[in-house]
Amino acid sequence: MNPLNRLDLYKQMVRIRQYESRILQEYHADKKPAWDIGAGLIPGEMHLSAGQEPSAVGVCANLKQGDAITAPHRPHHFALAHGVDMNAMTAEIYGRDTGLCRGKGGHMHLFDPENHFSCSGIIAQGYPVACGQAMAFKRKGTDHVAVAVAGEGAANQGAFHESLNLASLWKLPVIFVIEDNDWAISVPRSHSTANASNADRASGYGMPGVRIENNDVEAVFEAAGVAIDRARAGGGPSLIEIHTLRLWGHFEGDAQAYRGADLDTLDARDPIPLYAATLAEIGDLSMDQVASIAADAAAEVDAAITFATSSPFPTADDALLHVFA
Amino acid sequence: MTTTETPTRRITTAKAMAEGIALEMRRDPGVFVMGEDVGAYGGIFGSTTDLFAEFGADRVIDTPISETGFIGAGIGAAVEGLRPVVELMFIDFYGVCMDQITNHMAKIHYESGGNVTVPMVLMAATGGGYSDAAQHSQCLWGTFAHLPGIKVVVPSNPYDAKGLMISAIQDDNPVLYLFHKGAQGLVWMEKNPRSIAHVPEESFTVPIGEAAVAREGTDVTIVTLSLSVQHSLDVAEQLVAEGISVEVIDLRSLVPLDTQTVLASVAKTGRVLVVDEDYRSFGLTGEIAAVIAEHDPMMLKKPFRRLAVPDVPIPYARVLEQGILPTRDKIAAGVRELMS
Ligand SMILES: Cc1ncc(C[n+]2csc(CCOP(=O)(O)OP(=O)(O)O)c2C)c(N)n1
Ligand SMILES: [Mg+2]
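Residues numbered from 1 in each chain as written. Chains lettered and ligands numbered in written order. Predicted model: local features only at pLDDT ≥ 70, side-chain atom pairs only at ≥ 80, totals over all residues. Heavy atoms only, no water.

## Comments concerning the site of ligand 1
Turning to step 1, where the next piece is worked out: Taken together, 22 residues are adjacent to ligand 1, and A:H73, A:R74, A:G121, A:N181 and B:E67 come closest.
Turning to step 2, where the next piece is worked out: Near ligand 1, residues from chains A and B are present, making the site a shared one.
Turning to step 3, where the next piece is worked out: In this structure, an oxygen atom belonging to ligand 1 sits 3.4 Å away from a side-chain N or O atom of A:H250.
Turning to step 4, where the next piece is worked out: Between ligand 1 and B:E67 there is a distance of 2.5 Å, counted from a nitrogen atom to a side-chain nitrogen or oxygen.
Turning to step 5, where the next piece is worked out: When the free accessible area of ligand 1 is taken as 580 Å², the share hidden by the protein chains comes to 97%.
Turning to step 6, where the next piece is worked out: Residues of the shell around ligand 1, tallied by class, amount to ten nonpolar, eight polar and four charged. (Near = heavy atom within 4 Å. Polar contact = N/O pair within 3.5 Å; in protein donor to acceptor, adjacent residues only side chain to side chain. Areas by Shrake-Rupley, 256 points an atom, 1.4 Å probe, with all protein chains shown as cover. Nonpolar A, V, L, I, M, F, W, Y, C, P; charged D, E, K, R; others polar.)

## Description of helix α9 (residues 217-232) of chain A
Residue and element names in this part refer to chain A.
Turning to step 1, where the next piece is worked out: Along its 16 residues, α9 runs 22 Å from first to last C-alpha, staying within 8% of the 22 Å computed at 1.5 Å per residue.
Turning to step 2, where the next piece is worked out: Contacts made by the buried residues of α9 are with α1 (6-29), α2 (53-60), β5 (174-180), β8 (209-212), β9 (238-243) and α11 (271-281).
Turning to step 3, where the next piece is worked out: Sitting at the head of α9, D216 places a side-chain oxygen 3.0 Å from the backbone nitrogen of E218.
Turning to step 4, where the next piece is worked out: Positive backbone phi, approximately 90°, marks G234, located one or two places after α9. (Helix = DSSP H or I, 4+ residues; strand = E, 2+ residues; numbered from the N terminus. Expected span 1.5 Å × (residues − 1). Contact = heavy atoms within 4.5 Å.)

## A word on the packing of helix α9 (residues 259-269) of chain B against helix α10 (residues 284-295) of chain B
Residues and elements named next belong to chain B.
Turning to step 1, where the next piece is worked out: As a packed pair, α9 and α10 sit with axes 11 Å apart at the nearest point and diverge in direction by 70°. The pairing of α9 with α10 is recorded here as roughly perpendicular in orientation. The hand of the α9/α10 crossing is right-handed. On α10, the residues that touch T259, V262, L263 and V266 of α9 are I288, V291, I292 and H295.
Turning to step 2, where the next piece is worked out: A per-class count over the contact of α9 with α10 returns six nonpolar, two polar and no charged. (Axes fitted to C-alpha atoms, helices over the stretch in contact; angles between N-to-C directions. Parallel < 35°, antiparallel > 145°, perpendicular 65-115°, else oblique. Left-handed = near helix turned anticlockwise from the far one by under 90°.)

The structure is reproduced here in structure tokens:
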């Protein structure tokens, strides 16, 4: 297990939040006056991960180069925490030729083969793919692992259950990560899921499962460390469910009328100020550091956005390329 | 029939769909709705607007993200005589539930020698044009129309949306009801004025299997459906200035396909452009060509023309996507070519 570096966890969470906050601004900046999802420099659906930083940061702090991640429709936090290049990812979100996928993929379809990172907009369909990557790692005799990420809503999809069984049956080095943010668009967990904890489902498939409450980045880090060590050593898959927080709408433009009183307590539950307070209390973080970490993150994100907006667009004819290798 | 409404009542396609469902729910206690976010949210694309407030959680059921489960459950309920209206949020998600659709919903009546019926409606959003990329922008109606046993309807405007919904619910067969996101009249999408129109308040039906002549013309026939009808009507208006008279056929149903209306129009104009937002090969455009060729290829004064997505997945970036969609510019160019 990697040693716990609290400051690094904090920095990475701030970096991700800064990214999502700037994308939020940029996304909405040019969709007015009549809001149109297809308009502006960043068109299309946008699912941001603010509030869910602890899961990505806690898990990815235990990964090494060559480990794989499959992420869902809400991918930015895992992409950034896993080392996907911020410039190339941002250029993709802006639909530019310099983007990770040359403008073909967009924010739900980021592919970074160098970092074995991918995501899919079809719920739970990254689970089987992670099993396959784990299968390849095992057959090649490496100690790499694959991390399959999706929301609590996804855990009711057949592909999730088939994957748990496959991974357990074949002892694949997979870590199933469920981000329980209480909601699947407008449907609360209580209306979608028969089990209070997906850790129970893990035991049904013969693998260890834990549920982590309170969006606690250090608890995620510890649990992921145990699961990843076990997978690397040939012990097979594990499941980690993280009770996290969707700070913003399901997608941008979601008015969240269905969410009710849940909205009132969001600020108090924001994991980043909470973690800053924890670190300050134990003397690991000063006010100066808070400011300089925020400034560094802002500079990095601004540079990525500048890279994206100054990159060329693809041409219409490029749409015909890459159907086949 | 008496009615108290003013003739200018104008509603969106989304609202018209929901109204059609509500009327059937009031009439028939066996009608119920299920799908993701169809309850308080009212459907991501507004297809179940206000139903939850009127009928409650017992008849407007939010489901887990378990499409095989709840579409299959719809089939089971239909087999037992209820009339479920089930929403698959995007048609692109067919991948996770196709077995229930094609091997069960579509085949049970036939397999049972006609002894079992499956009176359900499966509705799903289709189409692109707003950079939702490869997994959320497909039309795919050709795929489903290819499979025997499913009626397929594809309204292009509020009036047909309501009338076809009522017909679909009353039909004793499974009906796939595909609605284009860009034709729903949603406030958060590009505004297409033809997506808001007068619709009578009372119940009425639009027969499944009847195309409409959306605009009469004499020079060129455009055969199309869904949002492309709106675009084709825009183009037809624009081309008047160039002295070109365009007839627009709105297919409205793919299964059954109204070949008579298509053939009558082509016989009149002798020039045909099929506009389809689905993939080009092995689909609707080829089917219409075959219908004409089998009937009388000599009707054509100019070779058959088609405009469809050139067999690539739908790309994300706007310039890429607009490059492959049947936009107004490309439709106009196709018509001009037929006239040259
Ligand atoms: C198979 C499939 N069904 C439905 C959807 C539409 N959809 C996109 S995100 C979402 C909710 C996902 O909830 P959850 O898994 O909890 O993830 P979260 O959005 O909360 O991060 C739904 C229903 C989809 N993309 N794929
Ligand atoms: Mg969720």
